[in-house]
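# Architecture and fold: a report
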Amino acid sequence: MYKRILYLFLVFGFLLPAASGVQGRAVAYTATQQKDTVVYITKTGAKYHRTGCRYLSRSQIKTTKKEAVKNGYGACKVCGP
Ligand SMILES: [Zn+2]
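The rules we used
Residues numbered from 1 in each chain as written. Predicted model: local features only at pLDDT ≥ 70, side-chain atom pairs only at ≥ 80, totals over all residues. Heavy atoms only, no water. Pairing = 2+ DSSP bridges. Helix = DSSP H or I, 4+ residues; strand = E, 2+ residues; numbered from the N terminus. Donors = N, O, S within 2.8 Å, 3.2 Å for Na, K, Ca; no water. Tetrahedral: all angles 85-135°; square planar, octahedral: opposite > 155°, others 65-115°. Buried < 20%, exposed > 50% of the residue type's maximum accessible area, 1.4 Å probe, protein only.

On to the sheet that holds strand S2 (residues 47-49), then. Read from one edge of the open sheet, 4 strands run S3-S1-S2-S4, paired in mixed fashion. Strand pairing shows two members of the sheet lacking a second neighbour, strand S3 (61-64) and strand S4 (74-75), which therefore form its edges. Sheet topology places strand S1 (residues 38-41) next to S2; 2 bridges connect them, and they run antiparallel. Its bridge partner being in S2, Tyr40 is matched across the sheet by His49.

In structure tokens:
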């Protein structure tokens, strides 16, 4: 019984690195897709917005979703970028 469990651990030990490699590529692919999504941040706010959002009436600074997230901005709840 224990030998069987040990065997399973060994098998998964070999399989998991391969599986996580696939997952890593999937994440990288998603990040690539998001890279060029244009969003707008404001001078004072902590959220990023889609163009036309009412919060952008005072200032709007063009950036990408990736950059905004990287800089700690969150998604606006009104326009949902
Ligand atoms: Zn907004």
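What follows concerns the coordination of the zinc ion. Six octahedral donors at a metal ideally form angles of 90 or 180 degrees, and four tetrahedral donors ideally form angles of 109.5 degrees. Binding of the zinc ion to the protein goes through His49 (ND1), Cys53 (SG), Cys76 (SG) and Cys79 (SG), at separations of 2.1 to 2.4 Å. Taken together, the 4 donor atoms surrounding the zinc ion define angles of 94 to 128° at the centre, an arrangement classified as tetrahedral. For the zinc ion, the donor residues sit on a single chain with the sequence spacing H-x3-C-x22-C-x2-C. One exposure class covers both His49 and Cys53, and it is buried.

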